Amino acid sequence: MVNVRILDNGTLSFEGIEPPLFEILQHITKAAESSDPDVEARFYPMPADEADEVCQDWKAYIQPELYAEFQASREAVDADLRRGKKKADGTASFVIPPPHMDHWLSALNQARLALAELHHFTEKDMGRAPGDPDDPREYALIQLNIYATMQEWLISTLD
Amino acid sequence: MSSIATPEFQTKEKHDLSPPWNVVVHNDPVNLMSYVALVFRRVLGFSRTQAEKHMMEVHNSGRSIVWTGEREKAELYVQQLHSHLLLATLEKAPQS
């Protein structure tokens, strides 16, 4: 069972993470990084009708900024997980320092949105229990659910 | 001898940019309701009650107008909402 503690300085400490769960967490950044056109369209939507001149400026100036923001969040999450430790019993632990909380929220959201686009998950899919984890689509649904649980937990902590 | 082409200038009518502009947030099935409400509070300065009201409107009606005002500020809000991966657009508000 995962033991979560909020330390005095606001750092979140996660301990006793079983290997399959830690592996899923380590896949957050990989899941969020996709050059699939549907994912790109979801990450970088136009702010108005394509005919509006703001769209050209958006592509030139705003999208590169958003790209850098999203990448920075993925890198922060990756760094926190790489600093994680594995115990002799196989369980893992890691911490999220307060300045990284928003990066985690962003990276988890990126991963969920990318997985949903890539696997064409519907609202109905997201409301059902995942099936065989050996099926890539079902494994993606497991990832999606775990990332949602973690996101909900972080939001309640930030509140 | 080639003639010098007369440059064409397009002048944007002032009223095209004049207020009011709506910032509209659209529903998507992936973003968590709690996350959308949190973003509304952070970006738009909504109270918890306001944030939840607009979040429910997005969820139930597919969209919610979350802010109305001048174009430049509306663009900034849309950018901030996009940075939180919410689907947001600008729309010219109907003139009353």
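Computed from a prediction, not measured in an experiment: that's the story for all the values here.

S.K.: Help me get a handle on the pairing of strand S1 (residues 3-6) of chain A, residues and values and all.
M.R.: Looking down a regular strand, the side chains alternate between one sheet face and the other. Residues and elements named next belong to chain A. Bridging between S1 and strand S2 (residues 12-17) involves four bridges; their strand directions are antiparallel. Across the sheet, Val-4 pairs through a bridge with Phe-14, a residue of S2. Between S1 and S2, which pair antiparallel and follow one another directly, the connecting turn spans five residues, one of which, Gly-10, has a positive phi of 90 degrees.

S.K.: Could you give an account of the packing of aromatic side chains, with specific residues and numbers?
M.R.: Considering all chains together, one arrives at nine aromatic pairs over all chains under this definition. Measuring from ring centre to ring centre gives 4.8 Å for A:Phe14 and A:Phe94, while their planes differ by 5 degrees; the resulting arrangement is stacked. Residue A:Phe14 is located in strand S2, and its partner A:Phe94 is located in strand S4 (residues 92-96); the two are separated by 80 residues in the primary sequence. A:Phe94 shares its class with A:Phe14; the two are buried. The interplanar angle of 65 degrees and the centroid separation of 5.1 Å between the aromatic rings of B:Trp67 and B:Tyr77 together place this pair among those described as edge-to-face. With B:Trp67 in strand S2 (residues 63-69) and B:Tyr77 in helix H4 (residues 71-83), this pair connects stretches of sequence that are 10 residues apart.

S.K.: Account for the side chain of A:Thr29, with residues named and values stated.
M.R.: Residues and elements named next belong to chain A. Checked against the element boundaries, Thr-29 lands in helix H2 (residues 28-32). Within the structure, the side chain of Thr-29 is placed 3.5 Å from the side chain of Asp-78, a separation counted as a polar contact. The residues contacting Thr-29, other than those within four sequence positions of it, are Arg-74, Val-77 and Asp-78.

S.K.: Tell me about the interface of chain A and chain B, and please be specific about residues and values.
M.R.: Counting residues at the interface gives 31 residues for chain A and 27 residues for chain B. Across the chain A/chain B interface, buried area totals approximately 2,400 Å², and carbon plus sulfur atoms make up 59% of it. Our enumeration of links across chain A and chain B arrives at five salt bridges. Between A:Asp52 and B:Arg71 there is a salt bridge whose closest N-O contact spans 3.0 Å. Contributing elements (two or more residues each) for the side of chain A that touches chain B: helix H3 (37-43), helix H4 (54-82), helix H5 (101-118), helix H6 (123-126) and helix H7 (136-158) of chain A. Take the side of chain A that touches chain B: its biggest share by element is eight residues, from H5(A).

S.K.: If you had to explain the pairing of S2(A) to someone new, which residues and values would you point to?
M.R.: Of the pairings in the sheet, the one linking S2(A) to S4(A) comprises four bridges and is antiparallel in character. Its bridge partner being in S4(A), A:Phe14 is matched across the sheet by A:Phe94.

S.K.: For the environment of B:Trp21, give the residues involved together with the corresponding values.
M.R.: The topology assignment puts B:Trp21 in strand S1 (residues 21-26). B:Trp21 sits 44 residues away from B:Ile65 along the chain, and the two C-alpha atoms are 9.9 Å apart.

S.K.: Pulling in residues and values, what's your account of H5(A)?
M.R.: All names here are of chain A. Helix length check: H5 (18 residues) gives 26 Å between terminal C-alpha atoms against 26 Å at 1.5 Å per residue, within 8%. Within H5, 14 of the 18 residues are buried, which leaves the element mostly enclosed by the surrounding structure. His-120, located one to two residues past H5, shows a positive phi value of around 50 degrees.

S.K.: Can you tell me about the confidence of the model for chain B, naming the residues and giving the values?
M.R.: Keep in mind that low pLDDT regions are not for reading the predicted coordinates in detail. Chain-level statistics for chain B give a pLDDT mean of 88 and a share of 81% at 70 or above. Reported confidences for the modelled complex are a pTM of 0.89 and an ipTM of 0.92.

S.K.: Please set out the sheet that holds S2(A) residue by residue, giving values where relevant.
M.R.: All names here are of chain A. A sheet is described by the order of its strands in space; here four strands give the open sequence S1-S2-S4-S3, paired in antiparallel fashion. One side of each edge strand has no neighbouring strand; the edge strands of this open sheet are S1 and strand S3 (85-86). Judged from the two bridges that link them, S3 and S4 form a sheet pairing that is antiparallel. Residue pairing for S4: Lys-85 is matched across the bridge by Ser-93.

Calculation criteria
Residues numbered from 1 in each chain as written. Chains lettered and ligands numbered in written order. Predicted model: local features only at pLDDT ≥ 70, side-chain atom pairs only at ≥ 80, totals over all residues. Heavy atoms only, no water. Pairing = 2+ DSSP bridges. Helix = DSSP H or I, 4+ residues; strand = E, 2+ residues; numbered from the N terminus. Phe/Tyr/Trp six-rings, centres within 6.5 Å; stacked < 30°, edge-to-face > 60°. Buried < 20%, exposed > 50% of the residue type's maximum accessible area, 1.4 Å probe, protein only. Polar contact = N/O pair within 3.5 Å; in protein donor to acceptor, adjacent residues only side chain to side chain. Contact = heavy atoms within 4.5 Å. Buried area = accessible area lost by both parts, 1.4 Å probe. Salt bridge = Lys/Arg side-chain N within 4 Å of Asp/Glu carboxyl O. Expected span 1.5 Å × (residues − 1). pLDDT = per-residue confidence, 0-100.

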